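For reference, the chains in residue letters:
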Amino acid sequence: MHLSLTSALAVFLLSLQAPVSAAEITPADVTEVAPGAFVRHGVHALIDKNNAGGIANIGFVIGSESIAVIDSGGSFLDGARLRAAIKQRSNLPIRYVINTHVHPDHIFGNAAFLQDTPIFIGHRNLPRAMQARGAHYLAANKLLMSAAAFEGTEVIPPSQTVESQSVIDLGERRLVLDAVKTAHTDADLTVLDESTGTLWTGDLLFQKHLPVVDGRLKGWLEVMDKLSALPVTRAVPGHGPVSLPWPEALEPQRAYLTKLAGDLRGLIAEGKTMRHASSIAGQSERDKWLLFEEFNTRNATAGFAELEWE
Ligand SMILES: [Zn+2]
């Protein structure tokens, strides 16, 4: 049997209007970086109409009883694709959705997991950060990405927060969650998958993609020193390859942030203005990073304001 031209057209028009159903979601392409730990690689780009906000490394860890999502992606669609990748691999319940910090590419997939009624977990400062920035992030991202990707995107605050350290058990698999001091942002959370020695750093670690300072330069360097001493085999950075050897993975970022801070201290000592300093500081690192133009001046400006008063 074949459809008449009219009914074929009607089906086509209906398909344009129908919301994307679960069956039509293309599962995210994920890499198993350690047994039962899967990462979707984020593209090195700003959020745009083509990438559905999928610019951060996000993923999930499967225990013997349940699953934890670690960062949900940059839109409802990005989160739904990650969820579809989980469902391809396991029918265990998705009991936790962990957000490593407030940036939209890490939290805007949360709503795709509401149907699983998970516990949403974040740093003790995450509710405040979401409250302060959520509406702005929603408005901005709605303009940046396609309507189909953004539809359904919401700010879902944590239902449980981490004061200092918390442990969750996925069944024979402990995840240790540490709320660190202000570094990349003021709400950074790390997740250590003890059984495989895998540290999910969120955006406390960038590689290739220029690190972005939205917290404190000095705090970030101090946090990196602490993290480097952890008994870890590999890290999953927020932006960069899906898995990196530890602690060597920290070195390019340490070099950049150290150089930026050093340049700024020198320029401040010479009495240069913020505008002048931010056009010079860190420039010698330019060729080592992607998205340098997009973020270095901003980093230098933030760093100047921080270091001016030390
Ligand atoms: Zn971030």
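To start, this report covers the structure provided alongside it. (Residues numbered from 1 in each chain as written. Predicted model: local features only at pLDDT ≥ 70, side-chain atom pairs only at ≥ 80, totals over all residues. Heavy atoms only, no water.)

Attention now goes to the coordination of the zinc ion. Coordination of the zinc ion by the protein is provided by His-101 (NE2), His-103 (ND1), His-184 (NE2) and Asp-203 (OD), with metal-donor distances spanning 2.1 to 2.3 Å. Here the zinc ion binds 4 donor atoms, and the angle range of 87 to 168° at the metal identifies the geometry as irregular. Every donor residue of the zinc ion comes from the same chain, spaced as H-x1-H-x80-H-x18-D. Of this pair, His-103 sits in the loop between β5 (94–98) and α3 (104–107) while His-184 sits in the loop between β9 (174–179) and β10 (189–193), and the two are 81 residues apart along the sequence. (Donors = N, O, S within 2.8 Å, 3.2 Å for Na, K, Ca; no water. Tetrahedral: all angles 85-135°; square planar, octahedral: opposite > 155°, others 65-115°. Helix = DSSP H or I, 4+ residues; strand = E, 2+ residues; numbered from the N terminus.)

A separate point is the pairing of strand β11 (residues 198–206). Within a regular strand, the side chains alternate between the two sheet faces. In terms of residue burial, β11 counts as a mostly covered element, since 9 of its 9 residues are buried. Sheet topology note: the β10/β11 ladder contains 3 bridges and is antiparallel. Across the sheet, Leu-192 pairs through a bridge with Leu-199, a residue of β11. Taking the residues that link successive antiparallel strands as the turn, the β10-β11 hairpin has 4 residues, and the phi of Gly-197 there is positive, at about 65°. Here β11 pairs with strand β12 (residues 234–239) via 5 bridges, running parallel. The residue of β12 that forms the bridge with Gly-202 is Pro-237. Of the crossover connections in this fold, the one passing from β11 over helix α6 (residues 217–228) to the parallel β12 is right-handed. (Buried < 20%, exposed > 50% of the residue type's maximum accessible area, 1.4 Å probe, protein only. Pairing = 2+ DSSP bridges. Right-handed = clockwise from strand over helix to strand, strands pointing away.)

Formed by 38 residues in total, the largest nonpolar core has its most connected members in Leu-217, Trp-220, Trp-246, Leu-257 and Leu-264. Listed by contribution, the elements that provide at least two residues to this core are β11, α6, α7 (251–269) and α9 (292–307). Not counting residues up to four positions away in its chain, the partners in contact with Trp-246 are Leu-199, Thr-201, Leu-205, Leu-227, Ser-228, Leu-230, Val-232, Thr-233, Arg-234 and Ala-235. Ile-25, Phe-38, Ile-86 and Ile-94 belong to the second largest nonpolar core, which has 29 residues in total. (Core = buried A, V, L, I, M, F, W, Y, C linked by side-chain atoms within 4.5 Å. Contact = heavy atoms within 4.5 Å.)

In this section: the packing of aromatic side chains. Per the counting criterion, the structure on display carries 3 aromatic pairs. Where Phe-38 meets Phe-60, the ring centres are 5.0 Å apart and the plane angle is 15°; that geometry is what we call stacked. Taken as a pair, Phe-38 in strand β2 (residues 37–40) and Phe-60 in strand β3 (residues 58–62) lie far apart in primary sequence, 22 residues in all. On the basis of relative accessible area, Phe-60 is assigned to the buried category, the value being 0%. (Phe/Tyr/Trp six-rings, centres within 6.5 Å; stacked < 30°, edge-to-face > 60°.)

Another aspect to go through is the pattern of salt bridges. The final tally for this structure, using the stated rule, is 15 salt bridges. Here Arg-40 ties to Asp-78 by a salt bridge, and the two come within 2.7 Å at their closest N and O atoms. With Arg-40 in strand β2 and Asp-78 in helix α2 (residues 76–89), this pair connects stretches of sequence that are 38 residues apart. In this structure, Arg-40 and Asp-78 share a single accessibility class: buried. Between Asp-116 and Arg-83 there is a salt bridge; the shortest N-O distance is 2.8 Å. One end of the pair, Asp-116, is in the loop between α3 and β6 (119–123); the other, Arg-83, is in helix α2, and 33 residues separate them in sequence. Shared partners join several salt bridges into a network, and the residues in it are Arg-133, Asp-214 and Arg-298. (Salt bridge = Lys/Arg side-chain N within 4 Å of Asp/Glu carboxyl O.)

Moving on, we come to the pairing of β10. The element β10 is largely enclosed, with a buried count of 5 among its 5 residues. Side chains Leu-189, Val-191 and Asp-193 of β10 all project onto a buried face; the interleaved residues Thr-190 and Leu-192 project onto the opposite face, where all are buried too. The pairing of β9 with β10 spans 5 bridges and is classified as antiparallel. Directly across from Asp-178, in β10, lies its bridge partner Thr-190.

Right, let's get into the sheet that holds β3. Strand pairs in the sheet, formed through backbone hydrogen bonds, run parallel or antiparallel to each other. Read from one edge of the open sheet, 7 strands run β1-β2-β3-β4-β5-β6-β7, paired in mixed fashion. Both edges of this open sheet fall to β1 (31–34) and β7 (160–162), since each of them pairs with a single strand only. Averaged over all neighbouring strand pairs, the angle between strand axes comes to 25°, with direction disregarded. One ladder, built from 4 bridges, connects strand β4 (residues 67–70) with β5; its direction is parallel. Considered in β5, the bridge of Ile-70 is made with Ile-98. Relative to β3, α2 is tilted by about 30°, and along the sheet it contacts β2, β3, β4 and β5. (Axes fitted to C-alpha atoms, helices over the stretch in contact; angles between N-to-C directions.)

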